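A structural walkthrough
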Amino acid sequence: MFSVPLNCFPDHIRGGSCWGRPQDLKIAAPAWNSKCHTGAGAAMARQHARTLWYDRPKYVFMEFCVEDSTDVHVLIEDHRIVFSCKNDDGVELYNEIEFYAKVNSKDSQDKRSSRSITCFVRKWKEKVAWPRLTKEDIKPVWLSVDFDNWRDWEGDEEVELAQVEHYAELLQKVSTKRPPPAMDDLDFTTTVVSCRPAELQTEGSNGKKVLSGFHVVLEDTLLFPEGGGQPDDRGTINDISVLRVTRRGEQANHFTQTPLDPGSQVLVRVDWERRFDHMQQHSGQHLITAVADHLFKLKTTSWELGRFRSAIELDTPSMTTEQVAAIEQSVNEKIRDRLPVNVRELSLDDPEVEQVRGRGLPDDHAGPVRVVSIKGVDSNMCCGTHVSNLSDLQVIKILGTEKGKKNKTNLIFLAGNRVLKWMERSHGTEKALTALLKCGAEDHVEAVKKLQNSTKILQKNNLNLLRDLAVHIAHSLRNSPDWGGVVVLHRKEGDSEFMNIIANEIGSEETLLFLTVGDEKGAGLFLLAGPPASVETLGPRVAEVLEGKGAGKKGRFQGKATKMSRRTEVQALLQDYITTQSTKE
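Everything numeric in this text was worked out from a predicted model, so none of it was measured.

Rules and cut-offs
Residues numbered from 1 in each chain as written. Predicted model: local features only at pLDDT ≥ 70, side-chain atom pairs only at ≥ 80, totals over all residues. Heavy atoms only, no water. Helix = DSSP H or I, 4+ residues; strand = E, 2+ residues; numbered from the N terminus. Buried < 20%, exposed > 50% of the residue type's maximum accessible area, 1.4 Å probe, protein only. Contact = heavy atoms within 4.5 Å. Areas by Shrake-Rupley, 256 points an atom, 1.4 Å probe, with all protein chains shown as cover. Core = buried A, V, L, I, M, F, W, Y, C linked by side-chain atoms within 4.5 Å. Pairing = 2+ DSSP bridges. Axes fitted to C-alpha atoms, helices over the stretch in contact; angles between N-to-C directions. Patch = residues over 30% accessible without salt bridge, like charges linked within 9 Å, V, L, I, M, F, W, Y side chains within 5 Å. Salt bridge = Lys/Arg side-chain N within 4 Å of Asp/Glu carboxyl O. Lys, Arg positive; Asp, Glu negative; His and termini not counted. Charge placed at Lys NZ, Arg CZ, Asp CG, Glu CD. Expected span 1.5 Å × (residues − 1). pLDDT = per-residue confidence, 0-100. Parallel < 35°, antiparallel > 145°, perpendicular 65-115°, else oblique. Left-handed = near helix turned anticlockwise from the far one by under 90°. Nonpolar A, V, L, I, M, F, W, Y, C, P; charged D, E, K, R; others polar. Polar contact = N/O pair within 3.5 Å; in protein donor to acceptor, adjacent residues only side chain to side chain.

1. Points about the overall build of the chain
Helix and strand content of the chain: 10 helices and 27 strands. The burial tally for the chain puts 45% of its 585 residues in the buried class. Taking as baseline every contact in the chain between residues at least 6 positions apart, the subset at least 24 positions apart corresponds to 66%. Here the chain has roughly 31200 Å² of accessible surface; of this, 49% comes from carbon and sulfur atoms.

If you want it as structure tokens, here you go:
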């Protein structure tokens, strides 16, 4: 189980419904439900892991023989076991076995070593011998009896119990629960339950990156797993950075790049700045949602807590400016009224649950329902982190609306410290514009409009001058004593229209005209004009030499180039072509 101040487990519904708390985490070998393991079963790896098994009075022992395994998943159900992993060569292995008889999946365990993964599967009917492991009377080539451990049952229960003693000791260490952390705790001591190899996919300015590390499961935790529209917490375990916290069934996985020993005591610390920011935005969403519903019957269908701003999806195709202003005024009045925010837990059969706002509970929910209430304003099933009083929100600013999906509207807002940071950025921008435009903030818009109009006029004049220059260049080339064969011209300034004007003015199909504009050694544009048959042959070759792309028709081939420094190679290519054609004639 894990406890988080002002919250519990998150849901895993994208877009963000909020709900109550699922059942406490079982401190035992991880047991995933079928939904969590759909991907493992669907992958159906090409190879099976070599598997040994032997029978005991209370347990069936299985050993998947994989050295240095990674990405290990074990799913034990009452009638089957699903195993998957990767070996040290990165080959995916997958085994699925339907058991000979029913087992007690809740009392079954597994452990991993550098050489194998061993499973202790508790029989449903003890002291009943299994003649085989599989339901069907078959013998897969990868499955064998472990004759080294197979023996008569007489006097064997002590040996059997010794083999599961490791897990019994670990369970004993974490079976006595300490009280959950208080709501104002920023650190908390707990116990490591398990630590398994894992990978984390991240995205940055350099694209996607996969980090290798470990999924650490704790007896209890301060760190909120992502879900319900709210991102996860950050923090440390024994000063080791936690890069992601995710919910997987009834457990919270803490991704670290350093392993931690199962059974060891650790100190968990939360990144309070990030946590408090999420508390402000999440409580702000509850308040806006309740006010929008009360004032205009606008229902919230989902929400997203973004990195810089948050969005509430409302079930309406549009909103008026007056509606947005009224919502903003009302929520800030309630903040100034210092309304308390309370957290309660209700039993699932409590009649009050029916009166609480929510979008339903997840399929794996069990135990009490967690309700977050703003006094006199709203009661909502929610798993997320919240402030204890609306005054902690400081202020809410609604930035406006955007068109949403499926005829809905997104209401964009900031709460608390994000408003202050937004004002700081806006003021910095305003000061910079004042210095650049040489006028006060009230005249910024008008000054920018004047600059835009002046720029349009200058661009138009510049285009006319380029056209006149293109015509002049075309006539100069046409009248040059070097006219004929291959004619080459490069200018730093210009565009496709500039090159096409020159080609149109020259209008000769007897000469190969190679024009380029742009950086002499970097990227730019090119145009090849001349006899259609020659251009069709040479165009793709020119683009290849310039390491670019292009297309053409009717005696023109033009495109973009990345290596304008190779123009001389193109000129040589064209000259060789002309010489070859002259020789043939």
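2. Some details on the nonpolar core
Of all hydrophobic cores here, the largest spans 29 residues; its most connected members are Leu287, Ile288, Ile327, Leu390, Ile396 and Leu411. Per-element accounting of this core gives the leading share, six residues, to helix H4 (residues 272-296). Look past the residues within four positions of Ile396 in its chain and what remains in contact with it is Gly284, Leu287, Ile288, Glu328, Val331, Asn332, Ile335, Leu414 and Ala415. Core analysis: the second largest hydrophobic core is formed by 23 residues, Val66, Val72, Cys85 and Val121 among them.

3. Topic: the sheet that holds strand S25 (residues 524-529)
With mixed pairing, five strands are arranged side by side in an open sheet as S23-S24-S25-S27-S26. Single-partner strands in this sheet number two, and they are strand S23 (486-491) and strand S26 (549-553). In this sheet, neighbouring strand axes are inclined to one another by 10 degrees on average, regardless of whether the strands run parallel or antiparallel. Note that S23 and strand S24 (residues 512-518) share six bridges and pair parallel. Of the residues in S24, the one forming a bridge with Arg491 is Val517. Each of S23, S24, S25 and strand S27 (556-561) touches helix H8 (residues 496-506); the most contacted strand, S24, lies at about 160 degrees to it.

4. Thoughts on the pairing of strand S22 (residues 409-415)
In regular strands, side chains alternate between the two faces of the sheet. The element S22 is extensively covered by neighbouring structure, given that seven of its seven residues are classed as buried. Going residue by residue along S22, you find Thr409, Leu411, Phe413 and Ala415 tucked away on one face and Asn410, Ile412 and Leu414 tucked away on the opposite face as well. Where strand S17 (residues 310-314) lies against S22, five bridges are found, and the strand directions are antiparallel. Across the sheet, Leu314 pairs through a bridge with Thr409, a residue of S22. In the sheet, strand S21 (residues 396-403) pairs with S22 via seven bridges, with the strands oriented antiparallel. Paired with Lys397 across the strands is Leu414, a residue of S22. Between the antiparallel neighbours S21 and S22 lie five residues, among them Lys406 with a positive phi of about 50 degrees.

5. Topic: unusual backbone geometry
Even without a glycine there, the phi angle at Asp68 is positive, about 50 degrees. Topologically, Asp68 is positioned in the loop between strand S2 (59-64) and strand S3 (70-76).

6. Some points on the sheet that holds strand S16 (residues 300-305)
Spatially, S16-S17-S22-S21 is the arrangement adopted by the four strands of the open sheet, whose pairing is antiparallel. Of all strands in the sheet, those with a lone pairing partner are S16 and S21, marking the two edges. The sheet shows a mean angle of 20 degrees between the axes of neighbouring strands, direction not considered. Where S16 and S17 come together, five bridges link them in antiparallel fashion. Across the sheet, Thr300 pairs through a bridge with Leu314, a residue of S17.

7. Regarding a negative patch on the surface
Residues Glu430, Glu442, Asp443 and Glu446 make up a contiguous surface patch of negative charge. Considering the arrangement of structural elements, one finds Glu442 in the loop between helix H6 (417-437) and helix H7 (444-478).

8. A word on the environment of Val217
As for its position among the elements, Val217 is in strand S10 (residues 207-218). With relative accessibility at 4%, the residue Val217 sits in the buried group. A sequence separation of 35 residues divides Val217 from Ala252, and the C-alpha atoms of the two residues are 6.1 Å apart.

9. Let's talk about helix H9 (residues 532-545)
With 14 residues, H9 ought to run about 20 Å at 1.5 Å a step, and its terminal C-alpha atoms sit 20 Å apart, in line with that. In this fold, the buried residues of H9 make contact with S24, S25, S26, S27 and helix H10 (567-584). Of the residues flanking the end of H9, it is Glu547, one or two places downstream, whose phi is positive at about 55 degrees.

10. Observations concerning the side chain of Thr118
Along the polypeptide, Thr118 turns up in strand S7 (residues 117-123). Overall, the relative accessible area of 16% leaves Thr118 in the buried class.

11. Quick word on the pairing of S17
For S17, the buried fraction is high: five of the five residues fall into the buried class. Side chains Ser310, Ile312 and Leu314 of S17 all project onto a buried face; the interleaved residues Ala311 and Glu313 project onto the opposite face, where all are buried too. Connecting the antiparallel pair S16 and S17 is a turn made up of four residues.

12. Digging into the confidence of the model for the chain
Counting all residues, the mean pLDDT for the chain is 83, and 83% of those residues have values of 70 or more. Confidence drops under a pLDDT of 50 for residues 170-177, and excluding neighbours within four residues, the segment shows 15 contacts in the predicted structure.

13. A few points about the pattern of salt bridges
Summed over all chains, the structure comprises 23 salt bridges. Close ionic contact of Glu547 with Lys563 constitutes a salt bridge, the shortest N to O distance being 3.6 Å. Placement of the pair is Glu547 in the loop between H9 and S26 and Lys563 in the loop between S27 and H10, with a sequence separation of 16 residues. The network of salt bridges with shared partners includes Asp232, Arg234, Arg244 and Arg274.

14. Description of the packing of H9 against H10
The axes of two packed helices give the description: the angle between them and the distance between them. The contact between H9 and H10 brings their axes to 10 Å, and the two run at 155 degrees. Compared by their axis directions, H9 and H10 come out roughly antiparallel. Once H9 is placed against H10, the crossing between them reads as right-handed. In this structure, H9 contributes Ser534, Leu538, Arg541, Val542 and Val545 to the contact, and H10 contributes Glu569, Val570, Leu573, Leu574 and Tyr577. Its residues assigned to classes, the contact of H9 with H10 comprises seven nonpolar, one polar and two charged.

15. Brief notes about the side chain of Ser283
Note on placement: Ser283 falls in helix H4. From its side chain, Ser283 meets the backbone nitrogen of Val387 in a polar contact 3.1 Å long. Residues within four places of Ser283 in sequence aside, it is in contact with His386, Val387 and Leu393.

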